[in-house]
Amino acid sequence: MKSARLLAMGLLISGLVACASTRPVLYPNAHYLSVGKNVAERDIEDCRQLARAAGARESGGRSGNVASSTVIGGGAGAASGAVGGAITGSPGTGAMVGAASGATYGFLRSILSPARSSQPNPAFANFVNRCLQEKGYEVTGWQ
């Protein structure tokens, strides 16, 4: 029972880390060097808030991707588990085990996939980039 709780806590922490937001990386041009890192960080946050106020969503729907991947994995696992259970004489148990295994796989795959979590919503990133450019910064990318 303790190991199940530890696993659940680990999955929760992994999920929170995977949902951490990305930030723009600024090139140290003359403007950046003249204002310093602290002012630049405040300007980034101001631009992020302006983007949110304009209706741009920061996330590209990460939670929806996690949920749909979990559901799809659960459905596929239930189907394959029922087939395996039918062969061994216990389709109900096989379907339950398959659904749990498939849902776990789908959940873990979606939260641990680096390609999906590495980029912000394009509309949000474009808004923040333009705002920062108008302030005199050069955005080299997001991470």
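Whatever comes next refers back to the structure up there.
For clarity, every value in this text was computed on a predicted model and none was experimentally measured.

Rules of the game
Here the residue numbering is sequential within each chain, running from 1 through the sequence in written order. Two thresholds apply to this predicted model, a pLDDT of at least 70 for residue-level local features and 80 or more for giving and counting side-chain atom pairs, whereas whole-chain, interface and lining totals are computed over all residues. To get the side-chain values, all heavy atoms of the structure are used, and hydrogens and water are removed first. What makes a salt bridge here is a side-chain nitrogen of Lys or Arg within 4 Å of a carboxyl oxygen of Asp or Glu, nothing more. Helical segments are the DSSP runs of H or I of at least four residues, strand segments are the runs of E of at least two, and each set is numbered from the N terminus. Here the term buried applies to any residue with accessible area under 20% of the maximum for its type, exposed to any over 50%, and partly exposed to those in between, with areas from a 1.4 Å probe on protein chains only. A helix is expected to span 1.5 Å multiplied by its residue count minus one. Here, the arc refers to the directions that run from the helix axis to the C-beta atoms. Residues adjacent in sequence count toward polar contacts only when both atoms are side-chain atoms; beyond that, a polar contact is any pair of N or O atoms within 3.5 Å, and within protein one must be able to donate a hydrogen and the other to accept it.

Draft legend 1. Structural detail: the pattern of salt bridges. A complete count under the given rule lists seven salt bridges for this structure. Measuring nitrogen to oxygen at the nearest pair gives 3.2 Å for the salt bridge that ties R130 to E134. With R130 and E134 both in helix 6 (residues 122–134) and four residues apart, this pair spans about one turn of that helix. Accessibility assignment for this pair places R130 and E134 in one class, exposed. Through salt bridges that share partners, R23, E41, E45, R48, R52 and E58 make up one connected network.

Draft legend 2. Fine view of helix 6. Compared with the 18 Å implied by 1.5 Å per residue over 13 residues, the 18 Å span of helix 6 between its first and last C-alpha is a close match. Among all positions of helix 6, only F124, A125, V128, N129, C131 and L132 are buried. Take helix 6 and look down its axis: the buried residues cluster within an arc of 165°, on one side only. Facing away from the buried surface of helix 6 by more than 90 degrees, the exposed residues are P122, N126, R130, Q133 and E134. N-cap assignment for helix 6: the residue whose side-chain oxygen lies 3.0 Å from the backbone N of A123 is N121.

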